[in-house]
Amino acid sequence: MNKAKTSEALNESQFYMWRTLFALVHADHVVTREEQAFMESALDQLTLTEYQRSILVSDTMETADVGEMFKRVTDQNDRVEFFRHARILVWCDGDFDQQEQEILAQLKRTHASDIDFDKLVSEVSLSFDEGEKGLVVEARKEIELELDSGESGNLLSALKKIFRPY
């Protein structure tokens, strides 16, 4: 786990990241020893309030709606961390089944559609001159159209389009 024990409990976005991961374990309706070990390790290593711990313990036994849990992961860094863990998690049993693939693809589309491109551009705007900023804004519009059309569910390819050399 990337989260070492600290004195501070998880914030809401982090908590729902873990709830989403636990829900993903149940996606194929089979909880393997490896997946159970993943959840137990998280419970041992994370600093949780009693309420958070009780919910996550419940989530180890009962399925929850992955999409609904993911919507509550509001911090982009937590979403990136989710996908890092999810990739490991879905392969830990050696079987990345169709249902898990579909769920992750849908979550990636949700993640891509929730990106605040204005904020992203403003955070890097100091690196661009005025001409480059205009190109980035145009690329953003292209990506939004592409994501809206459903042609691209791949966040990485969308971001590469924004930051390709001009």
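The rules behind the values
- Residues numbered from 1 in each chain as written.
- Predicted model: local features only at pLDDT ≥ 70, side-chain atom pairs only at ≥ 80, totals over all residues.
- Heavy atoms only, no water.
- Core = buried A, V, L, I, M, F, W, Y, C linked by side-chain atoms within 4.5 Å.
- Buried < 20%, exposed > 50% of the residue type's maximum accessible area, 1.4 Å probe, protein only.
- Helix = DSSP H or I, 4+ residues; strand = E, 2+ residues; numbered from the N terminus.
- Salt bridge = Lys/Arg side-chain N within 4 Å of Asp/Glu carboxyl O.
- Phe/Tyr/Trp six-rings, centres within 6.5 Å; stacked < 30°, edge-to-face > 60°.

### A word on the nonpolar core
By size, the foremost hydrophobic cluster in this structure holds 25 residues, and its most contacted members are W18, L21, F22, L24, L56 and F82. Looking at this core, the elements with two or more residues in it are α1 (12–25), α2 (33–45), α4 (66–71) and α5 (76–91). For this core, the leading source of residues is α1, giving eight residues.

### Some thoughts on the pattern of salt bridges
The final tally for this structure, using the stated rule, is four salt bridges. Notably, a salt bridge pairs E68 with K71, separated by 3.0 Å at the nearest N-O pair. Of this pair, E68 and K71 are both found in helix α4, three residues apart, which corresponds to roughly one turn of the helix. According to the relative accessible area criterion, E68 is partly exposed, its value standing at 41%. One salt bridge in this structure joins R84 and E81, with 3.0 Å as the shortest N-O distance. One end of the pair, R84, and the other, E81, are both in helix α5, three residues apart, so they sit about a helical turn from each other. A relative accessible area of 31% places R84 in the partly exposed class.

### So, the packing of aromatic side chains
Here the structure, examined in full by the defined rule, presents five aromatic pairs. Ring geometry for F82 against F83: centres 5.1 Å apart, planes inclined by 75°, an arrangement best described as edge-to-face. Site record: aromatic cluster; members linked through ring pairs are F70, F82 and F83.

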